[in-house]
Amino acid sequence: MALAEPVSRALAAAHWPSRDPVGGLLVWQAVGLAGGLALLGAGVVYGLAPFGPSLPAALDAVADAASGGAPLPPIGIDHGVALVAAGVLAVRLVGVLAAVTVRTLLARRRHRDLLDLLGTPWPAVPGARVLDHPLPVAYCLPGLRSRLVLSAGVLDTLDPQRVRAVLAHEQAHLRERHDLVVLPFVAWGATAPFVRGMVCAQLAVAALIEMRADDVAAARTCAAELTGALRSMGGAAPAAALSSFTTALDHRLVRISAPPAPLPVAVRVGVRLLALTIVGLPTALLLLP
């Protein structure tokens, strides 16, 4: 409950992730994973409590009974309800994640087939397609058979340096598989859209992957070329794609033009250790005999 609401809201409102997008994404992944484990683990641990003083002892007792050993003691209704609730929640979480994943993959496959049919391969960039459209639009379609898409308007409107900045941004999305980072948060937001903290998490993670791609592109080209390209472009990419052009564009332009000071090395290390601790410490404590 803490991770889903106050922690997620506070992390979404924090300013430090913009100074270390990679660290921020790691903490968000840890919060999501630890929240899911806690949600399911609470029911399992409470439900199995009558079988042993610790989770490993209870699991050993269950395994022993299943193999014909000592029978398990009876459990109360509350423990049974906890186990059933954990099972229902597990099915719900996994089911929504599977449904969102399948729906996204199918949408990307359909879109990729259309791109291969309507787009013109661009020899300068492997896997890139150029669409005959006058408006400047660029996006990437992630996956095992990824595509980087540019409209003819991009090549007509932007000079070569700005085109390179756009390509660097989209290639960062593809290379670092930002689609896999976002997908669990999309699923969790669909699982409980009434939990504001989970919706905040989805929006914050989407913003951070754009910041990360901006940082990579600015380092490979230059900030002025990237901001010029972003100002020149607009429009929305398909839902199955990852697009550079979000509603937070003004904030991104300011951040690219005047980058915030990076976090000190010690703080960056501490952020990564925090992410590891959020997931690892509660799990390790539960697994102690």
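Before going into details, it helps to say that this report is about the structure given with it. (Residues numbered from 1 in each chain as written. Predicted model: local features only at pLDDT ≥ 70, side-chain atom pairs only at ≥ 80, totals over all residues. Heavy atoms only, no water.)

### Examining the nonpolar core
Counting 21 residues, the largest nonpolar core has Leu-25, Val-27, Trp-28, Val-205 and Ile-278 as its most contacted members. If you list the elements that add at least two residues to this core, you get helix 2 (21-48), helix 7 (178-191), helix 8 (196-220) and helix 11 (265-287). Here Val-27 is in contact with Leu-11, Trp-16, Val-271, Ala-275 and Ile-278, once residues within four sequence places are set aside. In this structure, Leu-150, Val-166, Leu-167 and Ala-229 belong to the second largest nonpolar core, which totals 14 residues. (Core = buried A, V, L, I, M, F, W, Y, C linked by side-chain atoms within 4.5 Å. Buried < 20%, exposed > 50% of the residue type's maximum accessible area, 1.4 Å probe, protein only. Helix = DSSP H or I, 4+ residues; strand = E, 2+ residues; numbered from the N terminus. Contact = heavy atoms within 4.5 Å.)

### Focus: a nonpolar patch on the surface
Among the surface-exposed residues, Val-265, Val-269, Leu-273 and Leu-276 lie close enough to one another that they form a single nonpolar patch of about 390 Å² accessible area. Position of Val-265 relative to the elements: it lies in helix 11. By relative accessible area, which is 56% here, Val-265 ends up exposed. (Patch = residues over 30% accessible without salt bridge, like charges linked within 9 Å, V, L, I, M, F, W, Y side chains within 5 Å. Areas by Shrake-Rupley, 256 points an atom, 1.4 Å probe, with all protein chains shown as cover. Salt bridge = Lys/Arg side-chain N within 4 Å of Asp/Glu carboxyl O.)

### A closer look at the pattern of salt bridges
This model, assessed by the stated rule, comprises 12 salt bridges. For Glu-5, the salt bridge goes to Arg-9, with nearest N and O atoms at 2.6 Å. Remark: Arg-9 and Glu-5 occur in helix 1 (residues 3-13); sequence separation between them is four residues, near one turn of the helix. On the basis of relative accessible area, Glu-5 is assigned to the partly exposed category, the value being 24%. Overall, Arg-9 belongs to the partly exposed group, its relative accessible area being 41%. One salt-bridge network, in which partners are shared between bridges, spans Asp-116, Arg-129, Arg-145 and Arg-147.

### Comments concerning the pairing of strand 2 (residues 128-131)
Two elements, strand 1 (residues 120-121) and strand 2, share two bridges in a ladder whose sense is antiparallel. Within strand 2, the residue paired with Thr-120 across the bridge is Val-130. Here strand 1 hands over to strand 2 after six residues, with Gly-127 in that stretch at a positive phi of 85°. Relative to strand 4 (residues 147-151), strand 2 is paired through four bridges, and the arrangement is parallel. Its bridge partner lying in strand 4, Ala-128 is registered against Leu-148. (Pairing = 2+ DSSP bridges.)

### Here we look at the pairing of strand 3 (residues 138-141)
Going residue by residue along strand 3, you find Ala-138 and Cys-140 tucked away on one face and Tyr-139 and Leu-141 tucked away on the opposite face as well. As judged from the four bridges shared by strand 3 and strand 4, these two strands associate in the antiparallel manner. If you follow Ala-138 over to strand 4, its bridge partner there is Leu-150. The loop that links strand 3 with its antiparallel partner strand 4 comprises five residues; one of these, Gly-143, has a positive phi angle of about 140°.

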